[in-house]
Amino acid sequence: MKQFKKMMAMLFVAATMTFGACSDDEKETTTPDNIAGTQWVGNVSNSYTMQGITMNFDQNFNMKFTDNENGQMATDYSIEFPASPYANQNQSDTFNFNYTFDGTTLTLSENGTAVSTLTYNKSNDTFTMPIPNADEEIAELGVTLEEILGTTQVVFHKK
């Protein structure tokens, strides 16, 4: 009986060590074959001072893939002027899109016209969307969107 208990104790210790050696941190990353039914979120936040006026920008993106070819992008953004709170602005927009995804490149289209191309990063399971710098009103101010937003891209993480 002592021998049996000793064997059981050793098996228990061995099983515990086996399960303890595996962790959730060691998840295998694979390229998703199908992103239908998934949701991805991204954010851009920055403070920028122009002509002595500080502006705080915050924009949240929520990208949903409703099926194998359709999705919806919702954006919420705010511009805060700490010195003049009455000038603060908030806006929400939503638009539907069609998409194609080949495992690396995600192309969003609206009414048959490509509006954005995102790149899938397998190592950290993210999509990266470049921010275009073609806004004429901002260019007339002598600054770029990169300077104002503090980045040239939005990184989306799976929700």
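Owing to the predicted nature of the structure, the values given are computational and were not obtained by experimental measurement. (Residues numbered from 1 in each chain as written. Predicted model: local features only at pLDDT ≥ 70, side-chain atom pairs only at ≥ 80, totals over all residues. Heavy atoms only, no water.)

### Examining the side chain of Ser-116
- By the element assignment, Ser-116 lies in strand β6 (residues 113-121).
- Aside from chain neighbours lying at most four places away, what touches Ser-116 is Leu-106, Thr-107, Leu-108 and Met-129. (Helix = DSSP H or I, 4+ residues; strand = E, 2+ residues; numbered from the N terminus. Contact = heavy atoms within 4.5 Å.)

### Description of the sheet that holds strand β1 (residues 39-50)
- Read around the closed barrel, 8 strands run β1-β2-β3-β4-β5-β6-β7-β8, paired in antiparallel fashion. On average, each strand axis in the sheet is tilted by 30° relative to the strand beside it, whichever way the strands run.
- In this sheet, strand β5 (residues 105-110) lies alongside strand β4 (residues 89-101) in antiparallel orientation, the contact comprising 4 bridges. Within β5, the position partnered with Thr-100 by the bridge is Thr-107. (Pairing = 2+ DSSP bridges. Axes fitted to C-alpha atoms, helices over the stretch in contact; angles between N-to-C directions.)

### Observations concerning the nonpolar core
- Membership of the largest hydrophobic core comes to 29 residues, with the highest contact counts inside it found for Met-63, Leu-106, Phe-127 and Phe-156.
- Counting residues per element, this core draws most heavily on strand β2 (residues 53-65), which supplies 5 residues.
- When sequence neighbours within four positions are dropped, the list of residues in contact with Phe-127 reads Ile-35, Trp-40, Phe-101, Leu-106, Leu-118, Thr-119, Tyr-120, Val-154, Val-155 and Phe-156. (Core = buried A, V, L, I, M, F, W, Y, C linked by side-chain atoms within 4.5 Å. Buried < 20%, exposed > 50% of the residue type's maximum accessible area, 1.4 Å probe, protein only.)

### Looking at the pairing of strand β7 (residues 126-130)
- In terms of burial, β7 is a largely internal element, 4 of the 5 residues being buried.
- When β6 meets β7, the two strands line up antiparallel, connected through 3 bridges. Counted as the bridge partner of Thr-119 is Thr-128 from β7.
- The hairpin formed by β6 and β7 contains 4 residues between the paired strands, and Asp-125 there has a positive phi angle of roughly 50°.

### Considering the side chain of Thr-128
- With respect to the helices and strands, Thr-128 occurs in strand β7.
- Judged by relative accessible area, which is 19%, Thr-128 ranks as buried.
- Contacts of Thr-128, omitting those with residues within four sequence positions, involve Thr-117, Leu-118, Thr-119, Gln-153, Val-154 and Val-155.

### A word on the confidence of the model for the protein chain
- The pLDDT averaged across the protein chain works out to 82; a share of 78% of its residues lies at or above 70.
- Here residues 1-29 is modelled with pLDDT under 50, and outside its nearest four sequence neighbours on either side it reaches 3 contacts, counting other chains as well. (pLDDT = per-residue confidence, 0-100.)

### Topic: the packing of aromatic side chains
- Overall, the coordinates contain 9 aromatic pairs when judged by the stated rule.
- A centroid spacing of 5.4 Å and a plane angle of 70° characterise the contact between Phe-101 and Phe-127, whose relative ring orientation is edge-to-face. Taken together, the residues Phe-101 in strand β4 and Phe-127 in strand β7 connect sequence positions 26 residues apart. Phe-127 matches Phe-101 in its accessibility class, with the two residues each being buried.
- Three or more aromatic residues joined by ring pairs make a cluster, and in this case those are Trp-40, Phe-101, Tyr-120 and Phe-127. (Phe/Tyr/Trp six-rings, centres within 6.5 Å; stacked < 30°, edge-to-face > 60°.)

### Quick word on the pairing of strand β8 (residues 153-158)
- Taken together, the 2 bridges between β1 and β8 define a ladder with antiparallel strand orientation. For Val-41, the partnering residue across the bridge sits in β8 and is His-157.
- The pairing of β7 with β8 spans 5 bridges and is antiparallel. Looking at β8, one finds that Pro-130 is bridged to Gln-153.

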